[in-house]
Amino acid sequence: MLFRSNRVVILRAILTLALMGGALYYIAPNVLSSYSERIDTQGLVDYDRLLTAATALSDIAQRPIVGWGVDHFDDAGQTFLSDLGISSGTHLTLLQFWYAAGLLGAVGFVMVFFVPAIRMIKLLRVRLPLNVRNMLSLGVSVCLLLFIVSNVQPLVFNRFFYMPIFVFGGYAAFVSKRVKAQVKSSVPALSLGTPKPQPAS
């Protein structure tokens, strides 16, 4: 039985490596070529991104609480880039939310990622089955990864981008409910009846 289990693990590892190798073989060359072209034109430091982010922060400082209005997401950090001959805004989605919706909008945007992640981290401290722990760990990684990705390219209106967060957040809520139910069932109910009179000695 042990040898059979080990064989299954080895086969899964080989299959996973084969799939990853195939994906890298077909995807990596295109990704590397696109990034090498960008590095050739921009250098290792993308000063255009830094410039638009600094412009967005300067505009946010003028109205940090209420923002400039929810119809001005695309105006965050708008700067004319002379090397490209175009105007571009900031690529940081967090700054776009802060610019348009103010401080509450920025806090709400951050909470979308970190509230589910914190809940899943708390659940990982509880003794749970291995498959549940693996799913929760994956959910934490997905939330952090998507937060990073959202600040590489502006993704304000891409609803599909946020769907994995809602899926893992719902799963965490389901696990939390089951854990609370098990804890409640393991605690004996308190007696609310009237105490019986003790016989006089």
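Below or above, wherever it landed, is the structure these notes cover. Just so you know, these numbers come straight off a predicted model, no measurement behind them.

**Here's the deal with the overall build of the chain**
A count of helical and extended segments in the chain gives 5 helices and 2 strands. Helices and strands in the chain line up, N terminus first, as α-α-β-β-α-α-α. Split into buried and exposed, the 201 residues of the chain put 27% on the buried side. Taking as baseline every contact in the chain between residues at least 6 positions apart, the subset at least 24 positions apart corresponds to 65%. As presented, the chain carries roughly 14,700 Å² of accessible surface, and 69% of it is formed by carbon and sulfur atoms.

**With respect to the packing of helix 3 (residues 93-123) against helix 4 (residues 130-150)**
Remark: helix 3 packs on helix 4, axes separated minimally by 8 Å, with the N-to-C direction vectors making an angle of 165 degrees. Overall, the two elements helix 3 and helix 4 adopt an arrangement that is roughly antiparallel. You can see that helix 3 and helix 4 cross each other, and the crossing is left-handed. Residue-level inspection shows Thr93, Phe109, Val110, Phe113, Phe114, Pro116, Ala117, Met120, Ile121 and Leu123 of helix 3 in contact with helix 4, the latter providing Leu136, Gly139, Val140, Cys143, Leu144, Leu146, Phe147 and Ser150. Looking at side-chain class alone, the contact of helix 3 with helix 4 contains 15 nonpolar, 3 polar and no charged residues.

**Here we look at the side chain of Thr79**
You can see Thr79 is positioned in strand 1 (residues 79-81). A relative accessible area of 14% places Thr79 in the buried class. Among the polar contacts made by the side chain of Thr79, one reaches the side chain of Thr55 at a distance of 3.1 Å. When sequence neighbours within four positions are dropped, the list of residues in contact with Thr79 reads Leu51, Thr52, Thr55, Ile86, Ser87 and Ser88.

**Notes on the environment of Leu51**
Looking at the element boundaries, Leu51 is found in helix 2 (residues 47-62). Overall, Leu51 belongs to the partly exposed group, its relative accessible area being 40%. Once the C-alpha coordinates of Leu51 and Gly77 are considered, the two residues, 26 residues apart in sequence, prove to be 8.2 Å apart. Excluding anything up to four places from it in sequence, Leu51 contacts Thr79 and Leu81.

**What to know about the nonpolar core**
By size, the foremost hydrophobic cluster in this structure holds 23 residues, and its most contacted members are Phe113, Met120, Leu128, Leu136 and Tyr162. Those elements that provide at least two residues to this core are helix 3, helix 4 and helix 5 (159-186). Contact partners of Leu128, with chain neighbours within four places excluded, come to Leu123, Arg133, Leu136, Val175 and Val179. Grouped together as the second largest cluster of nonpolar side chains are 6 residues, Ala53, Ile60, Ala76 and Leu95 included.

The rules behind the values
- Residues numbered from 1 in each chain as written.
- Predicted model: local features only at pLDDT ≥ 70, side-chain atom pairs only at ≥ 80, totals over all residues.
- Heavy atoms only, no water.
- Helix = DSSP H or I, 4+ residues; strand = E, 2+ residues; numbered from the N terminus.
- Buried < 20%, exposed > 50% of the residue type's maximum accessible area, 1.4 Å probe, protein only.
- Contact = heavy atoms within 4.5 Å.
- Areas by Shrake-Rupley, 256 points an atom, 1.4 Å probe, with all protein chains shown as cover.
- Axes fitted to C-alpha atoms, helices over the stretch in contact; angles between N-to-C directions.
- Parallel < 35°, antiparallel > 145°, perpendicular 65-115°, else oblique.
- Left-handed = near helix turned anticlockwise from the far one by under 90°.
- Nonpolar A, V, L, I, M, F, W, Y, C, P; charged D, E, K, R; others polar.
- Polar contact = N/O pair within 3.5 Å; in protein donor to acceptor, adjacent residues only side chain to side chain.
- Core = buried A, V, L, I, M, F, W, Y, C linked by side-chain atoms within 4.5 Å.

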